[in-house]
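Close look at the chain arrangement
So you can see what is in the structure, the chains are spelled out below.
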Amino acid sequence: MTTQLYIDGAFVAPKAGGSFPAVDPATEEVFDTVAAGTADDIDAAVRAARTAFDDGRWSGLSASARAGFLRKVAEGIRARLSDLAALETRDNGKPLPEAEWDIGDAADCFDYYADLAEARAAGPETTVDVGDERFDTRIWREPVGVVAAITPWNFPLLMGVWKVAPALAAGCTIVLKPSELCSLTCHELARIVDAAGLPAGVFNLVTGTGPEAGAPLTDHPLVDKIAFTGSVVTGRKVMQAASAGIRTVALELGGKSPFIVFADSDVDKAVEWILFGIFWNKGEVCSATSRVLVQRELYPRLLERLAEEAEKITIGPGDAEGVKLGPIVSCSQYDKVMGFLERARQSGARLVTGGGRPEGLDTGYYLTPTVYADVPLDAEIWREEIFGPVVCVNSFETEDEALRLANDSPYGLAGAVMSKDLDRCDRVAARLRAGIVWINCSQPTFTQAPWGGYKSSGIGRELGEAGFDNYLETKQVTRFDRDGEWGWYLPTGDQA
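Given the structure is predicted, the values throughout are model-derived calculations rather than measurements.

**With respect to the nonpolar core**
Ranked by internal contacts, the top residues of the largest apolar core, which has 94 residues, are Ile77, Phe110, Tyr113 and Phe203. Counting residues in hydrophobic clusters, the runner-up holds 29 residues, among them Ile260, Tyr334, Phe396 and Val417.

Structure follows, in structure tokens:
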């Protein structure tokens, strides 16, 4: 049975009646059918969101009232955590424990922004001393309006929630367009939102492809803000669309994050965090620490241990017991990753382990954990985001060299450094050109802390208070003292 769109508080079929398959990457089998919205459906959804914002049915509610709705959504997610995680695993391929973690985080995100909405409501305006006592100047923070949210396939529900929760908390209305590769848990989110009783038009969901649904959404003149997570190539197109209408845009794009390991590091701890930094979620992580730089004294030993442990990782369907690495999300992504590996063979990089299909898994989009060493610095696999379970390792001599190599990238989403010398770690963190830096770890993510990058990795920040501010406009309101004198054009006082 085909899913439906959710527009203006109702589940509806696409106007053109189209659909596309949901494919289980572990079996390559179609297991569901997803509604394919087009420009007409986008128009209906945006207009519903526009009306719901302009008439104040959501923005006009008190912060505590909005927070109450958000907490109901959080409760609805938790009540269905097991089946949502199972659906995420089947749609995306990630191991079930990882999916359960993601779904739990999604519920927590709604609770966090419910709390933040109430906390920020206690002081929504500030007074500014402008140096002239005849004027009273205040700063108001108001919801930006209608938000177009386009989200990726690597964390399907969680990345949607990273946009939906703060936007709703701030008083915005929203149209969510998830990736066509993994749309099903976002469809279930629409069911949860509907059951929570949010007013019609506040939250809208249109599933569909990028050209047929995503492009019309970013181009729509009634949208006030575009929030996008995805590739740099698509992010440029989104930014161009936003510029045509002079609309604000938030972009969370790609990464090729470095992990610097100094010689005084514990080798087993370093290997554990390297494994987590690249093989978690099958390497389909924008912040994956996929460029590892190891000080020369530790380099041979670390490479040996990294290969040993990578080869022990259990590969298989995400719902199988003990699996740590599931299939790549889709046939097209699998082919893309394999293309990187084919070109890597010609680059001069040394394949340490992996690089092919695991034995006994002839069906499904599986790839063994892959480690390359001694990678030329101009090699594609060293410079470009692969978005798969592939890590590149090189050596360095000095701290300055490590930083030069780490920062030599068009990306700047994240970075990590490992050393027992915490002063050195702080020095390196200060000099890394990245929006997120991890010390003696890799990939921990917290709803309370800002997320986003430098350079080609994006514009703006999600999560934390910055994520809330993402969906607010700043307004200056200045009042003239009615008893004050001005008299620029007309005489005042005794001159009248």
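**Overview of the pattern of salt bridges**
Going through the model one piece at a time under the given rule, you end up with 36 salt bridges. Note that Asp136 and Arg138 form a salt bridge whose closest N and O atoms lie 3.2 Å from each other. Among the residues examined, Arg138 registers a relative accessible area of 16% and is labelled buried. Of the charged contacts in the structure, one is a salt bridge between Asp469 and Arg141, with a shortest N-O distance of 3.4 Å. Of the two residues, Asp469 sits in helix H15 (residues 464–469) while Arg141 sits in strand S6 (residues 135–143), which places them 328 residues apart along the sequence. Taking the relative accessible area as the measure of exposure, Asp469 reaches 27% and is therefore partly exposed. Taken together, the salt bridges that share partners define one network made up of Asp268, Arg305, Glu308, Glu309 and Lys312.

**Observations regarding the side chain of Ser290**
Along the chain, Ser290 falls in the loop between helix H9 (267–279) and strand S13 (291–295). On the basis of relative accessible area, Ser290 is assigned to the buried category, the value being 6%. Here Ser290 is in contact with Lys256, Ser257, Ile278, Val390, Val391 and Cys392, once residues within four sequence places are set aside.

**Some points on the packing of aromatic side chains**
For the coordinates displayed, the defined rule picks out 13 aromatic pairs. For the pair Tyr6 and Phe11, a centre-to-centre distance of 4.7 Å together with 50° between the ring planes defines the contact as tilted. Given a relative accessible area of 24%, Phe11 falls into the partly exposed group. A centroid spacing of 4.8 Å and a plane angle of 80° characterise the contact between Tyr112 and Tyr113, whose relative ring orientation is edge-to-face. With respect to burial, Tyr112 and Tyr113 carry one shared label: buried. In this structure an aromatic cluster arises from ring pairing among Trp101, Trp273, Phe276 and Trp280. For the cation-ring pair, Lys225 lies above Tyr471, with the distance from its terminal atom to the ring centre recorded as 5.8 Å.

**A closer look at unusual backbone geometry**
Phi is mostly negative for residues that are not glycine, and the peptide bonds are mostly trans. With a phi angle near 65°, Lys282 is a residue other than glycine that sits in the positive phi range. Take Lys282: it is sitting in the loop between H9 and S13. Of note in the backbone geometry, Gln443 takes a positive phi value of approximately 85° without being a glycine. Within the element layout of this structure, Gln443 appears in the loop between strand S19 (436–439) and strand S20 (454–455).

**Brief notes about helix H3 (residues 81–92)**
Across its twelve residues, H3 extends 16 Å between first and last C-alpha, which sits within 8% of the 16 Å expected from 1.5 Å per residue. Here the buried face of H3 lies against strand S3 (18–24), strand S4 (29–36), helix H2 (63–79), helix H4 (96–121), helix H5 (156–170) and helix H6 (184–196). Positioned one or two residues after H3, Gly93 has a phi angle of 100°, which is positive.

**Things to note about the environment of Asp268**
Here Asp268 lies in helix H9. Owing to a relative accessible area of 40%, Asp268 belongs among the partly exposed residues under this scheme. Between the C-alpha atoms of Asp268 and Trp101, which are 167 residues apart in sequence, the distance is 25 Å.

Rules used throughout
Residues numbered from 1 in each chain as written. Predicted model: local features only at pLDDT ≥ 70, side-chain atom pairs only at ≥ 80, totals over all residues. Heavy atoms only, no water. Core = buried A, V, L, I, M, F, W, Y, C linked by side-chain atoms within 4.5 Å. Buried < 20%, exposed > 50% of the residue type's maximum accessible area, 1.4 Å probe, protein only. Salt bridge = Lys/Arg side-chain N within 4 Å of Asp/Glu carboxyl O. Helix = DSSP H or I, 4+ residues; strand = E, 2+ residues; numbered from the N terminus. Contact = heavy atoms within 4.5 Å. Phe/Tyr/Trp six-rings, centres within 6.5 Å; stacked < 30°, edge-to-face > 60°. Lys NZ or Arg CZ within 6 Å of the ring centre and 35° of its normal. Expected span 1.5 Å × (residues − 1).

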